[in-house]
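# Architecture at a glance
The lines below spell out each chain.
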Amino acid sequence: MKHPLFARIYTKARPALDQQGAAEHRRRLLTGAAGRVIEVGAGDGGNFTHYPPEVTGVLAVEPEPYLRTQAERQAESAPVDVDVVQGTADRLPAADASADVVVVSLVLCSVPDQQVALAEARRVLRPGGELRFYEHVAAKPGTRLATVQRLADATLWPLFVGGCHTHRDTAAAITAAGFEIEDLDEFRFPPDRVTPASPHIVGRARLRA
C-alpha cells in the first residue's frame, strides 16, 4: 500500500496542522488511555508523543512504507514503548483480545471497508476494551458541504489524498460494528477555512458485551 507523494506531503504538513490545533485533538484522543494499545494507521507517528504513562506499550500498525519509516523515527523519542510494524486495518498483526485500547486516527476515511476494519478492532480488543477515534467525517445531510464531499469522493480526491473519502458517517459505522459510543465531540478543522474534510469527530467507544 504505497502512496509516496501523499505520504511526503502529509509528513511535511502534519506539524503545521498540529500547531493549528490538531495536537490538542490528539491529546484529547489519548487522555486516559491505559494498558496495551494497538494504533491502526499510525501514519508518521504524530500521536506517539501524546501517549500517557499509563500506556504499557503501543503496537503501531502502518502499511505505507515512507510513513512507517517516519513513525519508526518518532518512536525512538516516544514517552512510552512503541513498536512500529507493517500491517493493514483489515488484517491486524495481533492476537485476539490482546489490546486494552485500539486507536484509529484519521484512518477510517481511507480503509477499503470500515466494517471490516472495525471488526478487526473488535477482534483484537479484550472484552470491555476501548476504541479511541479521531476522524474527519461526513457533513450534515442536506448541506452544501455534504454535496461537495460526495462530488470530491466521486472524482479525484481519493486518488490524490491517499485513498481518503470525505463523506463517511464514521460514528454510525462504529455503532453498527458493535461499539457503544461513550464520548463524542464534533467540530470543524482547520479552524480558519472550510474544506471537504473539515467536519471532524473525536471520542471513545466501548466494546459491547
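Residues numbered from 1 in each chain as written. Predicted model: local features only at pLDDT ≥ 70, side-chain atom pairs only at ≥ 80, totals over all residues. Heavy atoms only, no water.

### What to know about the overall build of the chain
A tally of regular secondary structure across the chain gives 6 helices and 7 strands. If you list the helices and strands of the chain from N to C, you get α-β-β-α-β-β-α-β-α-α-α-β-β. Whereas a compact globule of 209 residues would reach a radius of gyration of roughly 17 Å, the chain reaches 16 Å, a difference of no more than 12%. Taken over the C-alpha atoms alone, the chain extends approximately 45 × 40 × 30 Å along its principal axes. Each of the 209 residues in the chain was classed as buried or not, and the buried ones make up 52%. (Helix = DSSP H or I, 4+ residues; strand = E, 2+ residues; numbered from the N terminus. Rg over C-alpha atoms; globule rule 2.2 N^0.38 Å. Buried < 20%, exposed > 50% of the residue type's maximum accessible area, 1.4 Å probe, protein only.)

### A closer look at empty space enclosed by the protein
All chains considered together, the criterion is met by 1 cavity of 30 Å³ or more. By volume, the largest cavity amounts to about 50 Å³. Surrounding the largest cavity, V40, A89, V102, V104, L108, A117, L118 and A121 form its lining. Secondary structure elements with two or more residues in the lining of the largest cavity: β4 (99-105) and α3 (114-124). In terms of residues, the lining of the largest cavity owes the most to one element, α3, which gives 3 residues. (1 Å grid on protein atoms, 1.4 Å probe; cavity = no way out; pocket = protein on both sides within 12 Å on 5 of 7 lines; lining within 4 Å. Points joined across faces, edges and corners; volume = space filled by probe spheres on them.)

### Regarding helix α2 (residues 65-75)
Burial in α2 covers these residues: L67, R68, Q70, A71 and A75. All buried residues of α2 project into a common sector of 160 degrees when viewed along the axis, lining one side. Tucked inside the fold, the buried residues of α2 contact α1 (4-30) and β3 (82-85). Among the residues of α2, the N-terminal cap falls to E64, whose side-chain oxygen and the backbone nitrogen of Y66 are separated by 2.8 Å. (Arc of directions from axis to C-beta. Contact = heavy atoms within 4.5 Å. Polar contact = N/O pair within 3.5 Å; in protein donor to acceptor, adjacent residues only side chain to side chain.)

### Examining the side chain of R132
Within the secondary structure layout, R132 lies in strand β5 (residues 125-136). Exposure remark for R132: the relative accessible area of 4% places this residue in the buried category. Within the local environment of R132, its side chain forms a polar contact with the backbone oxygen of T31, the two atoms lying 2.8 Å apart. The contacts of R132, once residues within four sequence positions are left out, are R28, L29, L30, T31, G32, A33, V101, V102, V103, V104, G203 and R204.

### What to know about the packing of aromatic side chains
Going through the model one piece at a time under the given rule, you end up with 1 aromatic pair. Positioned above the aromatic ring of Y66 is the side chain of R8, whose terminal nitrogen or guanidinium carbon lies 4.0 Å from the ring centre. (Phe/Tyr/Trp six-rings, centres within 6.5 Å; stacked < 30°, edge-to-face > 60°. Lys NZ or Arg CZ within 6 Å of the ring centre and 35° of its normal.)

### So, the pairing of strand β1 (residues 35-40)
The buried fraction of β1 is high, at 5 of 6 residues. Bridge count between β1 and β4: 4 bridges; the pairing is parallel. Residue pairing across strands places V40 opposite V104, the latter belonging to β4. (Pairing = 2+ DSSP bridges.)

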